[in-house]
Amino acid sequence: MSGHVRKILVLVFGLTLLVLGIAMIVLPGPAFVVIPLSLVVLGTEFLWARRMLAGLKKGAHQIKSTIKTRRERFKWWRKSNS
């Protein structure tokens with residue numbers, strides 16, 4: 001398969017997944033799985049998709065860190081009010 005054909009197929013498949021994932025934000029479905037998956041597919045051929053995926057990962061790590069910090073703060077508060 002030539003490089004151009006592969007790139008077009010990846011683009012069509014990846015954008016289809018991305019549109020489905022965006023639709024799943026308001027419709028029932030696992031948007032939080034499908035959107036990153038579409039970026040992984042698109043990232044095999046396109047730098048912009050790899051950059052978006054890296055930003056998504058960074059945001060996810062920040063959210064995880066914030067949740068962990070707040071959970072630890074809440075545990076301290078619960079222990080002192082028991």
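Here goes a summary of the coordinates provided. (Residues numbered from 1 in each chain as written. Predicted model: local features only at pLDDT ≥ 70, side-chain atom pairs only at ≥ 80, totals over all residues. Heavy atoms only, no water.)

## Points about the overall build of the chain
The cut-off we apply is this: Put simply, DSSP H or I for four residues or longer makes a helix, DSSP E for two residues or longer makes a strand, and each gets a number counted from the N terminus. Exposure categories follow from relative accessible area, calculated using a 1.4 Å probe and restricted to protein chains: below 20% of the type maximum is buried, above 50% is exposed, and the middle band is partly exposed. Contacts are residue-level and defined by heavy atoms, with any inter-residue pair within 4.5 Å sufficient. Under the convention used here, a 1.4 Å probe and the Shrake-Rupley method define accessible areas, while residue burial counts only the protein chains that appear.
If you tally the helices and strands in the chain, you get three helices and zero strands. Secondary structure of the chain in N-to-C order comes out as α-α-α. Summarising its shape, the C-alpha atoms of the chain cover approximately 65 × 25 × 15 Å along the three principal directions. When the 82 residues of the chain are sorted by exposure, 20% land in the buried category. In the chain, once contacts between residues fewer than 6 apart in sequence are set aside, the share between residues at least 24 apart is 37%. Accessible area for the chain stands at about 6700 Å²; split by element, carbon and sulfur atoms hold 69% of it.

## Re the packing of aromatic side chains
The following threshold applies: The pairing test for Phe, Tyr and Trp rings, Trp by its six-membered ring, is centres within 6.5 Å, and the orientation test on the planes gives stacked under 30 degrees, edge-to-face over 60, and tilted for anything in between.
In this structure the tally under the stated criterion is one aromatic pair. Taking the centre distance of 6.0 Å and the plane angle of 35 degrees together, the rings of Phe 46 and Trp 48 count as tilted.

## What about the nonpolar core?
Under the convention used in this document: The nonpolar core is taken to be a set of buried Ala, Val, Leu, Ile, Met, Phe, Trp, Tyr and Cys residues, with the residues joined through side-chain atoms within 4.5 Å.
If you look at the biggest cluster of nonpolar residues, it comprises nine residues: Val 10, Leu 17, Val 34, Leu 39, Val 41, Leu 42, Phe 46, Ala 49 and Leu 53. Mapped onto this core, the elements with two or more residues apiece are helix H1 (3-26), helix H2 (31-43) and helix H3 (47-80). Of all the elements, H2 adds the most residues to this core, at four residues. Not counting residues within four places of it along the chain, the set of residues in contact with Leu 17 comprises Val 34, Leu 37, Ser 38 and Val 41.

## Here we look at H2
So the rule is basically this: For a helix, the expected span equals 1.5 Å multiplied by the residue count minus one.
Spanning 13 residues, H2 covers 18 Å between terminal C-alpha atoms, matching the ideal 18 Å at 1.5 Å per step. Inspection of H2 places Ala 31, Val 34, Ile 35, Ser 38, Leu 39, Val 41, Leu 42 and Gly 43 among the buried residues, and these make up the whole buried set.

## Quick notes on a nonpolar patch on the surface
The condition is simple: The patches described consist of residues with a relative accessible area above 30% and no salt bridge, like charges being joined within 9 Å and nonpolar side chains (Val, Leu, Ile, Met, Phe, Trp, Tyr) within 5 Å. Should a side-chain nitrogen of Lys or Arg be within 4 Å of a carboxyl oxygen of Asp or Glu, the pair is scored as a salt bridge.
Taken together, the side chains of Leu 11, Leu 15, Trp 48 and Met 52 define a hydrophobic patch exposed on the protein surface, amounting to about 350 Å² of accessible area. Of all the secondary structure elements, the ones that give two or more residues to the nonpolar patch are H1 and H3.

## Some remarks on H1
Under the 1.5 Å per step criterion, the end-to-end length of H1 is 36 Å for 24 residues, consistent within 8% with the ideal 34 Å. Three or more residues of H1 are buried, namely Val 10, Gly 14, Leu 17, Leu 18 and Gly 21.

## As for the packing of H1 against H2
Quick note on the threshold: Here an angle of 0 to 180 degrees is reported between the N-to-C directions of two axes, which are lines fitted to C-alpha atoms, with helices fitted over the stretch in contact. Working rule for angles: under 35 degrees goes down as roughly parallel, over 145 as roughly antiparallel, 65 to 115 as roughly perpendicular, anything else as oblique. It is the rotation of the near helix from the far one that decides the hand of a crossing: anticlockwise by less than a right angle makes it left-handed, clockwise makes it right-handed. In the scheme used here, Gly and all other residues not listed as nonpolar or charged are polar, with Ala, Val, Leu, Ile, Met, Phe, Trp, Tyr, Cys and Pro taken as nonpolar and Asp, Glu, Lys and Arg as charged.
The contact between H1 and H2 brings their axes to 8 Å, and the two run at 160 degrees. Classified by the angle between their axes, H1 and H2 sit roughly antiparallel to one another. Handedness of the H1/H2 crossing: left-handed. Along the contact surface, H1 presents Val 10, Leu 11, Phe 13, Gly 14, Leu 15, Leu 17, Leu 18, Gly 21, Ile 22, Met 24 and Ile 25, while H2 presents Ala 31, Val 34, Ile 35, Leu 37, Ser 38, Val 41 and Leu 42. Classifying every residue of the contact of H1 with H2 gives 15 nonpolar, three polar and no charged.

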